[in-house]
Amino acid sequence: MATLYTQQDSNVRKTWLLISVFLIIIIGLGFAFSYILNNQVILYIAVIFSLVMNGISFWYSDKIALKMSGATLADPGRYRDLHNLVENLALTAGLPKPRVYIINEAAPNAFATGRNKDKAAVAVTTGLLDRLDRTELEGVIAHELAHIGNRDILLSTLVVVLVGFVALLSDLFIRFTFFGGGRGGDRGGSAQVILLVVGIGLAILSPIVATIIQLAISRKREFLADATGALLTRYPEGLASALEKISGYSGEVKRASNATAHLYIASPFGAGGRRGFHKLFMTHPPVAERIAALRMK
């Protein structure tokens, strides 16, 4: 019988599988583009650059995310209650206490980052502290600790890097194709045209498909983190109520961007949702669905 824990293991395995597929796609695209443009250097660049970018994302992803978000270390004296809450929940979850950061933003939101549980950090906005009561704040912190415990953060960061690289590689191909890239003249008329059309199709579709997969991973993991966080606090209503307040706030997190949006507990771009086909491109599942799952409705 499926349980929360078997679902955790299943999602981790699927994520590693997706990352492996992404690596294959990148190398495959590099090979295809180098063949179409008759330039082996492109393949070498694809492999080397993907390895370098993965290394950078592994070692510095938390620092980059925190810097981009304008987060600063939370003073233990001024934010003593927050530190105590994080420490108690981390102890309950069997995790080391993560570093605690504050983002000076009126919009209520929070995220976790870090390459592993020993190098993790939790960041909350001042608006979150102002608008949530203790049980609601506990629900949010438990959700973020669940991301750390479920090993979501590193995996999500690696996928983001791979998505970005696929887009970069595709853009490079288009530029080479239309602005004098090194196409050889020995491949012959119709074959060259077919390869060119296939290459352009890959260049256009690859970033779209990669982004869809990235966002789908993010949405799935939000549901898992909600369930794990509720299990940690034994009070699902706290997180459900917090999500209502966060999603109901009309303002945006000013320092949020498309690169960091998926890290937050809810969309940092203000109240309002998308429907139909547009849901495919949302970084978070609809809050109403998450609240219904927590309340078992």
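Keep in mind that what you see is a predicted model, and the values were worked out from it rather than measured.

Rules of the game
Residues numbered from 1 in each chain as written. Predicted model: local features only at pLDDT ≥ 70, side-chain atom pairs only at ≥ 80, totals over all residues. Heavy atoms only, no water. Phe/Tyr/Trp six-rings, centres within 6.5 Å; stacked < 30°, edge-to-face > 60°. Helix = DSSP H or I, 4+ residues; strand = E, 2+ residues; numbered from the N terminus. Buried < 20%, exposed > 50% of the residue type's maximum accessible area, 1.4 Å probe, protein only. Patch = residues over 30% accessible without salt bridge, like charges linked within 9 Å, V, L, I, M, F, W, Y side chains within 5 Å. Areas by Shrake-Rupley, 256 points an atom, 1.4 Å probe, with all protein chains shown as cover. Salt bridge = Lys/Arg side-chain N within 4 Å of Asp/Glu carboxyl O. Contact = heavy atoms within 4.5 Å. Polar contact = N/O pair within 3.5 Å; in protein donor to acceptor, adjacent residues only side chain to side chain.

Moving on, we come to the packing of aromatic side chains. For the coordinates displayed, the defined rule picks out one aromatic pair. When the ring of F111 is compared with that of Y264, the centres are 5.1 Å apart and the planes differ by 70°; the resulting orientation is edge-to-face. Residue F111 is found in strand β3 (residues 110–113), and its partner Y264 is found in the loop between α8 (236–248) and α9 (287–294); the two are separated by 153 residues along the sequence. Of the residues examined, F111 reaches a relative accessible area of 1% and is grouped as buried. Residue Y264 is classed as buried on the basis of its relative accessible area of 0%.

As a further point, take a nonpolar patch on the surface. A cluster of nonpolar side chains, I27, Y44, V47, I48, L51, V52, I56, W59, Y60, I64 and M68, forms an exposed patch at the surface whose accessible area comes to about 1000 Å². Counting residues per element, the nonpolar patch draws most heavily on helix α2 (residues 41–69), which supplies ten residues. Within the secondary structure, Y60 is located in helix α2. Since its relative accessible area comes to 46%, Y60 is described here as partly exposed.

It is worth spelling out the environment of K97 at this point. Relative to the assigned elements, K97 resides in the loop between α3 (80–93) and β2 (99–103). Classification of K97 by relative accessible area gives partly exposed; the value is 38%. In this structure K97 touches H83, V86, E87 and A90, once residues within four positions along its chain are discounted. A distance of 2.8 Å separates the side chain of K97 from the side chain of H83, its partner in a polar contact.

That's the geometry; what it means functionally is another story.
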